Amino acid sequence: MAISRTRKSSPTPALEMRITYEPLTWLATHLAPKNPKKHDVAGVDASMERFGYTIPIAIDEASNTVVAGHGRIEVLVARKAAGKPPPERVKVSGNEWLIPVLRGLSFSSAEEAEAYLIADNRHTEIGGYDDAMLADMLEVHRELGLEGLGWSDDQVTDMIASVRDASAGADDPKERTPPEDFQDHDANTKATVHCPRCGFPVPTDQ
């Protein structure tokens, strides 16, 4: 008896991610309808000036809209309008800037695309830093140049001081050495003493 064989339909292949170059004017008109993230335009511009263009824009193929990279598009539009040259790795064709774009990303719905936009913005800010390591790195790069890093010289100074203060405060109190001008207090004498660190007056009869 002949056996009937039915061919099973193959699953829809996943889209393959790839980098293409898309016109800046097209990207600027295909932004997500809502994006609550604000951008440091001047800071990102300084970073592009130093390091060039490094992170492709992400497009949701289903909705044909940008889901990551709105700030970079904003900066590029401002640079072009100001007559600045395109950053390194941005191509030029005639009067158009061609921007690296990640294609092949497709979400199941507009709501999922929006959820990814929120997640992409959020996860970059909640990780935090190893402050001690960051302070060490910034101290080195302050000598090399802070342009495009998003840190000013004053901010670096404050960061290093904060880390050092925290480190000093973490010492075992039993191991601390009092300052040279520290004076022992006679418990039978009523007087006002001053904190050796901050100078705050403390009445000893309280």
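Thresholds applied
- Residues numbered from 1 in each chain as written.
- Predicted model: local features only at pLDDT ≥ 70, side-chain atom pairs only at ≥ 80, totals over all residues.
- Heavy atoms only, no water.
- Helix = DSSP H or I, 4+ residues; strand = E, 2+ residues; numbered from the N terminus.
- Contact = heavy atoms within 4.5 Å.
- Buried < 20%, exposed > 50% of the residue type's maximum accessible area, 1.4 Å probe, protein only.
- Lys, Arg positive; Asp, Glu negative; His and termini not counted.
- Salt bridge = Lys/Arg side-chain N within 4 Å of Asp/Glu carboxyl O.
- Polar contact = N/O pair within 3.5 Å; in protein donor to acceptor, adjacent residues only side chain to side chain.
- Phe/Tyr/Trp six-rings, centres within 6.5 Å; stacked < 30°, edge-to-face > 60°.
- Lys NZ or Arg CZ within 6 Å of the ring centre and 35° of its normal.
- Expected span 1.5 Å × (residues − 1).

S.K.: When you look at the environment of V101 in this model, what are you seeing that I'm missing?
M.R.: Residue position: V101 is located in strand β5 (residues 96–105). For the pair V101 and A58, spaced 43 residues apart in sequence, the C-alpha separation works out to 6.0 Å. Apart from residues lying up to four places away in sequence, V101 is in contact with R18, I19, T20, E22, L27, P56, I57 and I59.

S.K.: Even after reading the chapter, I still don't get the side chain of D60, so can you show me in this structure?
M.R.: Inspection of the secondary structure assignment puts D60 in strand β2 (residues 57–60). At 9.2 Å, R103 is the nearest oppositely charged side chain to D60, a buried residue that forms no salt bridge. Among the polar contacts listed, one links the side chain of D60 to the side chain of S63, at a separation of 2.6 Å. Other than its neighbours up to four places away in sequence, D60 contacts T65, V67, L105, S106, F107 and A113.

S.K.: What is the right way to look at the packing of aromatic side chains in this model?
M.R.: What characterises a pair of aromatic rings is the spacing of the ring centres plus the angle enclosed by the ring planes. Across all of its chains, the model carries one aromatic pair by this definition. Here the guanidinium or amino end of K91 rests over the ring plane of Y21, the centre of that ring lying 4.1 Å away.

S.K.: I keep staring at helix α3 (residues 70–81) and nothing clicks. Help me out?
M.R.: Each full turn of the α-helix corresponds to 3.6 residues, which orients residues three or four apart in the same direction. Here α3 is twelve residues long and its end C-alpha atoms lie 17 Å apart, about the 16 Å a rise of 1.5 Å per residue gives. Listed as buried for α3 are H70, G71, I73, V75, L76 and R79. The first or second residue beyond α3 is G83, which carries a positive phi of 80 degrees.

S.K.: Got a minute to help me understand the pattern of salt bridges in this structure?
M.R.: Side chains that differ in charge, positive against negative, can pair when their charged atoms come close. By the definition in use, this model includes ten salt bridges. Measuring nitrogen to oxygen at the nearest pair gives 2.9 Å for the salt bridge that ties D45 to R79. You can see D45 sitting in helix α2 (residues 41–51) and its partner R79 sitting in helix α3, a full 34 residues away along the chain. When sorted by exposure, D45 lands in the same class as R79, which is buried. Close ionic contact of R89 with E88 constitutes a salt bridge, the shortest N to O distance being 3.5 Å. Looking at R89, the relative accessible area reads 40%, which means it is partly exposed. With relative accessibility at 53%, the residue E88 sits in the exposed group. Beyond isolated ion pairs, a larger network of salt bridges with shared partners links D45, E49, R79 and K84.

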